[in-house]
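Structural characterization, general
One letter stands for each residue in the lines below.
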Amino acid sequence: MKLKSNILVCALLAALMLPASLLAADATEYKLELAKAKATLRDAESKVQLWSTSEILLEDADKAAASGDYELAVKLATEARLHGELAVATAEREKKHWQKNVPK
Amino acid sequence: MKRFLTACFLFMLMANVYASPETDRLALREFFAQRFPDLDLNEMINGLYAFDEGAREQWLEMEDFPPYEIAIEEGEEIFNTPFANGKGYADCFENGGIGIKQNYPRFDADSGEVITLEYAINQCRTDNGEEPLPWMTDELAAISAYMAYTSRGNKMSVVIPDDPRALQAYESGKEYYYTRRGQLEFACENCHMQSAGSLLRADRLSGMLGQATHWPVYRSKWGEIGTLHKRFRECNEQVRAKPYDAQSQVYRELEYFLSYMSNGLEMNGPASRR
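Residues numbered from 1 in each chain as written. Chains lettered and ligands numbered in written order. Predicted model: local features only at pLDDT ≥ 70, side-chain atom pairs only at ≥ 80, totals over all residues.

So, unusual backbone geometry
In most cases, non-glycine residues show a negative phi, while peptide bonds are predominantly trans. Residue Tyr104 of chain B is joined to Pro105 of chain B through a cis peptide bond whose omega torsion reads 0 degrees. Note that Pro105 of chain B resides in the loop between helix H4 (69-80) and strand E1 (106-108). A cis amide bond links Trp215 of chain B with the next residue in sequence, Pro216 of chain B, at an omega value of 0 degrees. Relative to the elements of secondary structure, Pro216 of chain B occurs in the loop between strand E4 (203-204) and strand E5 (217-219). The phi torsion at Val48 of chain A lies on the positive side, around 60 degrees, for a residue other than glycine. With respect to the helices and strands, Val48 of chain A occurs in the loop between helix H2 (27-46) and helix H3 (55-66). Phi angles above zero are rare outside glycine, and Arg201 of chain B is one such case at about 55 degrees. Looking at the secondary structure, you find Arg201 of chain B in the loop between strand E3 (199-200) and E4. Take Arg201 of chain B: there are 4 C-beta atoms within 10 Å of it, and that puts it in the exposed class. (Helix = DSSP H or I, 4+ residues; strand = E, 2+ residues; numbered from the N terminus. Buried ≥ 20, exposed ≤ 12 C-beta atoms within 10 Å, placed from the backbone.)

Focus on the interface of chain A and chain B
The interface of chain A with chain B comprises 13 residues on the first partner and 21 residues on the second. Looking at the side of chain A that touches chain B, its residues break down into six nonpolar, five polar and two charged. (Contact = placed C-beta atoms within 7 Å. Nonpolar A, V, L, I, M, F, W, Y, C, P; charged D, E, K, R; others polar.)

Describing the nonpolar core
Counting residues in each nonpolar core, the largest one holds 62 residues, and the members touching the most others are Ala71, Ala145, Tyr146, Tyr177, Ile225 and Phe257 of chain B. In this structure, this core is formed jointly by two domains, domain 1 (22-66 + 159-273) and domain 2 (69-106 + 113-149) of chain B, each of which donates at least three residues. Setting aside its immediate chain neighbours within four residues, Phe257 of chain B contacts Tyr170, Gly173, Lys174 and Tyr177 of chain B. Ranked by size, the runner-up nonpolar core spans 20 residues in total, among them Tyr30, Ala37, Leu41 and Ala61 of chain A. (Core = buried A, V, L, I, M, F, W, Y, C linked by C-beta atoms within 7 Å. Domains from an automatic or database assignment.)

Thoughts on the packing of H2 of chain A against helix H4 (residues 70-97) of chain A
All names here are of chain A. Remark: H2 packs on H4, axes separated minimally by 8 Å, with the N-to-C direction vectors making an angle of 20 degrees. It follows that H2 is roughly parallel to H4 by the angle criterion. Between H2 and H4 lies a crossing whose hand is left-handed. Residue-level contacts link Ala27, Glu29, Tyr30, Glu33, Leu34, Lys36, Ala37, Thr40, Leu41, Asp43 and Ala44 of H2 to Tyr70, Ala73, Val74, Ala77, Thr78, Ala80, Arg81, Gly84, Glu85, Ala87, Val88 and Ala91 of H4. Along the lines of polarity and charge, the residues of the contact of H2 with H4 split into 14 nonpolar, three polar and six charged. (Axes fitted to C-alpha atoms, helices over the stretch in contact; angles between N-to-C directions. Parallel < 35°, antiparallel > 145°, perpendicular 65-115°, else oblique. Left-handed = near helix turned anticlockwise from the far one by under 90°.)

Shown next, in the form of structure tokens:
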């Protein structure tokens, strides 16, 4: 009976730990997110729209990854990617609209 | 007939997309004439002091002992010091470099580039075997200040030659000026046209007209004299856009557009600002 309950507890603990281990960020996930962020920021830069606040996020992400904190590293890289995406969106919108502000 | 109509249509389309620089300049003057009907537009070379009487009085008092005076003297001394090869800055410029700032930036047909005065100063150095000065140094700003001083009273006369590359450079500068950018999504136009004369916290915003006539500037905030490109960088930082290097192509083209818009206005550099 005792053995049965021990097995049950172990199974429960394993079930609880499994998603956490699946969700925890690792070096591979960080590298993927970093590559995406860098590509988006390059795109923003080519459109003369890079923000001054984006690249520093990647520097901080690199430091976090170097210290083994991949969760933070992924979070920062994702934020940098979002910066890039917003900057590109501004570039695309402004390309169509900037002329409207020129006095005629 | 069909070809003729197509050509006419294309011409009208192009004319609509690319107004000539002169049409732009006149429309800009009209914009400010309507925006500030009681203001003499020639006063806009004085930036925010055209709008703010109290600040203007303080500024005029400061002009009794202008903080940029030392830079003019230093610039004159450097300007007149020969290079190692015996030549000098005067040999690189028309009229010996005196009273010519109103012609800059200019378009160089050989290189296809926009040449600002600071860019030309460094070209002069490298052509004579000297090391170029770093773009953000006091020394470069001082030479520019001296040359600006000798140009006081002349009228801004920037030329966009009949060369598609020059027009493209002008258009790129114009697009930059009117495009929102940075995390705060501000265009130069938002502050210096829409909000010109308004207060931004404790500072009154200058208008676009005349913004290129008075550089370099001694800014109390900087505690030193600096070039227009230093100010471009600061503006970019304020809206959280990544600034470009001073004398980058982007900024030279922006200066080209901005200066052309001030054509006909009196040169009054160097100047002092808060």
